Amino acid sequence: MKRASWLAGLLLLLAAYISLVSIPRQALVVERIPVATSPTDVGLAFEAFRITAEGESLPLAGWWMPAQDAGATLVFIHGGGSNRHNTFFGSLKFYRAIVDAGINVAAIDLRNHGDSGADGIGLQFGRTESADAMAAIRWARERAPDLPLFAMGISMGGATIIHAAHRGAQVDGLVLLDALLDTRDTFKQGGWIETGLPAGLFAPSAWSATTFFGLPTGDEQSLDRAAALALPMLVIQDPDDPVTRARFSRELAQRNPRVTYWMAPPIDPDHPDLAWKGRWGSHVSAFLFFPVETVAQIRAFIAATSRQGKAAWTR
């Protein structure tokens, strides 16, 4: 009997360790994907650049893609586990479309991603990565000082630019596409996506990740910080995104009157072009499935918000 109790206690401790330590620690590890292509693959002229965040020596790799007679600049921030070439989103074709719309694009690899340096901490859901976005924004502002500047983030990149704006990044507006707004919900949903196990099983791991591993929570997470921003924001949301769920972007739109909200059309979950994404489903798929509509929303938002007004967008 004592042996059975001892074994049960040992198994309980092992389960607690896995849930509260092993899973959160593993979730912060980035499986680095190399940047194996460039904007020339879609016919774009570009300049490669390297920058560092303020007070840091960590190198950050990026591309500058200028538009002819540009009316604005867009700093693009990718999601977690990806890089500036994001096949999940179709970033190269997106850059092509935005440049064709008369908007410069600067895109970087966040720390621990692509060709940028590693900080030894791993994913922080925008908390530490915001310093990288701020560096890219400063660089792009210096590169085109007379143009309005906007930052766009997808998934974790959305959380990253929200934290950057909270920290004082000088932007004229934000574009958030399927942005990571609720830390614990995204963590739990990510657990289900990666394993197929019910999301509720990852609630203790999500609590531990925010309590002991630095992930933002409470009024420090991106939803609460975005709700308090006095900045124009365009929020683009896939209605059936399984990881950055629509109810949080709707809450943001309700809480902040500066938000312009666009719900992308729904995508058939059985669509053959979604099969390769597995349980990630339609996450960050608005541009892949509705490129014209998505770019039109971004262009209209930038035109309406720009300091130069709509006159800069008549060509």
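Preceding this section is the structure that the text describes.
Residues numbered from 1 in each chain as written. Predicted model: local features only at pLDDT ≥ 70, side-chain atom pairs only at ≥ 80, totals over all residues. Heavy atoms only, no water.

Remarks on the overall build of the chain
Regarding its fold elements, the chain presents 10 helices and eight strands. Computed over the C-alpha atoms, the radius of gyration of the chain is 20 Å, within 12% of the 20 Å expected from 2.2 N^0.38 for a compact globule of 315 residues. With respect to the three principal axes, the spread of C-alpha positions in the chain is 80 × 45 × 40 Å. Counting only residues that meet the buried cut, the chain has 54% of its 315 residues in that class. Sequence-distant contacts, at least 24 apart, represent 73% of the contacts inside the chain between residues at least 6 apart. Here the chain has roughly 13,800 Å² of accessible surface; of this, 56% comes from carbon and sulfur atoms. In the chain, which carries 28 positive and 30 negative side-chain charges, the distance between the mean positions of the two groups comes to 4 Å. (Helix = DSSP H or I, 4+ residues; strand = E, 2+ residues; numbered from the N terminus. Rg over C-alpha atoms; globule rule 2.2 N^0.38 Å. Buried < 20%, exposed > 50% of the residue type's maximum accessible area, 1.4 Å probe, protein only. Contact = heavy atoms within 4.5 Å. Areas by Shrake-Rupley, 256 points an atom, 1.4 Å probe, with all protein chains shown as cover. Lys, Arg positive; Asp, Glu negative; His and termini not counted. Charge placed at Lys NZ, Arg CZ, Asp CG, Glu CD.)

Describing the pairing of strand 6 (residues 173-177)
Strand 6 sits mainly inside the fold: five of its five residues count as buried. Burial along strand 6 is two-sided: the residues Gly-173, Val-175 and Leu-177 and Leu-174 and Leu-176 are all buried. For strand 5 (residues 149-154) and strand 6, the ladder comprises five bridges, and the chain directions are parallel. Residue Phe-150 lies in a different strand from strand 6, and its bridge partner there is Gly-173. Handedness of the crossover joining strand 5 and strand 6 through helix 4 (residues 156-166): right-handed. (Pairing = 2+ DSSP bridges. Right-handed = clockwise from strand over helix to strand, strands pointing away.)

Thoughts on the packing of aromatic side chains
If you walk through the whole model with that rule in mind, you get 15 aromatic pairs. Seen from their ring centres, Phe-88 and Trp-276 are 5.2 Å apart, and the 70 degrees between their planes marks the pair as edge-to-face. One end of the pair, Phe-88, is in the loop between strand 3 (72-77) and helix 2 (91-100); the other, Trp-276, is in the loop between strand 8 (259-263) and helix 9 (286-289), and 188 residues separate them in sequence. Taking the relative accessible area as the measure of exposure, Phe-88 reaches 24% and is therefore partly exposed. (Phe/Tyr/Trp six-rings, centres within 6.5 Å; stacked < 30°, edge-to-face > 60°.)

Focus: the packing of helix 5 (residues 183-195) against helix 6 (residues 203-212)
Packing of helix 5 against helix 6 leaves a shortest axis separation of 9 Å and a crossing angle of 135 degrees. The angle between helix 5 and helix 6 places the two elements in the oblique class. Taken as a pair, helix 5 and helix 6 cross one another with a handedness that is right-handed. In this structure, helix 5 uses Thr-183, Arg-184, Phe-187 and Lys-188 to contact helix 6, whose residues at the interface are Ala-203, Ser-205, Ala-206, Trp-207, Ala-209, Thr-210 and Thr-211. Broken down by class, the residue content of the contact of helix 5 with helix 6 amounts to five nonpolar, four polar and two charged. (Axes fitted to C-alpha atoms, helices over the stretch in contact; angles between N-to-C directions. Parallel < 35°, antiparallel > 145°, perpendicular 65-115°, else oblique. Left-handed = near helix turned anticlockwise from the far one by under 90°. Nonpolar A, V, L, I, M, F, W, Y, C, P; charged D, E, K, R; others polar.)

Observations regarding helix 6
Residues of helix 6 that are buried include every one of Ser-205, Ala-206, Ser-208, Ala-209 and Thr-210, and no others. Just past helix 6, the residue Gly-214 takes up positive phi, approximately 90 degrees.

Describing the packing of helix 3 (residues 130-143) against helix 4
Their axes nearest at 8 Å, the elements helix 3 and helix 4 cross at an angle of 70 degrees. Taken together, the axes of helix 3 and helix 4 are roughly perpendicular relative to one another. Here Ser-130, Ala-133 and Met-134 of helix 3 lie close against helix 4, whose contacting residues are Thr-160, Ile-161, His-163 and Ala-164.

Focus: the nonpolar core
With 53 residues, the main nonpolar core has Ile-51, Val-75, Leu-174, Leu-176 and Leu-252 as its most contacted residues. Element by element, the count of residues in this core is highest for helix 3, at eight residues. Not counting residues up to four positions away in its chain, the partners in contact with Leu-176 are Gly-153, Gly-158, Ile-161, Ile-162, Met-233, Leu-234, Val-235, Ile-236 and Leu-252. Judged by nonpolar contacts, the second largest core, of 33 residues, contains Val-35, Leu-74, Ile-236 and Ala-286. (Core = buried A, V, L, I, M, F, W, Y, C linked by side-chain atoms within 4.5 Å.)

A closer look at the environment of Gly-157
Along the polypeptide, Gly-157 turns up in helix 4. By relative accessible area, which is 0% here, Gly-157 ends up buried. Through-space distance from the C-alpha of Gly-157 to that of His-271 is 26 Å; in sequence the pair is 114 residues apart. Among residues more than four places away in sequence, those in contact with Gly-157 are Ile-77, His-78 and Gly-79.

Quick notes on the environment of Pro-24
Assignment of secondary structure puts Pro-24 in helix 1 (residues 2-27). For Pro-24, a relative accessible area of 0% corresponds to the buried category. Expressed as a C-alpha distance, the spacing of Pro-24 and His-85, which sit 61 residues apart in the sequence, is 26 Å. Setting aside residues no more than four positions away along its own chain, Pro-24 makes contact with Ile-18, Ser-19, Phe-187, Ser-205, Ser-208, Ala-209 and Phe-213.

A look at unusual backbone geometry
A positive phi angle, near 55 degrees, is found at Phe-125, a position not held by glycine. Tracing the sequence through the fold places Phe-125 in the loop between strand 4 (103-108) and helix 3. On the accessibility criterion, Phe-125 (10% relative accessible area) is buried. Backbone geometry at Asp-178 places phi at a positive 45 degrees, although glycine is not the residue there. Relative to the helices and strands, Asp-178 is located in the loop between strand 6 and helix 5. Look at Asp-178 and you get buried, because its relative accessible area is 1%.

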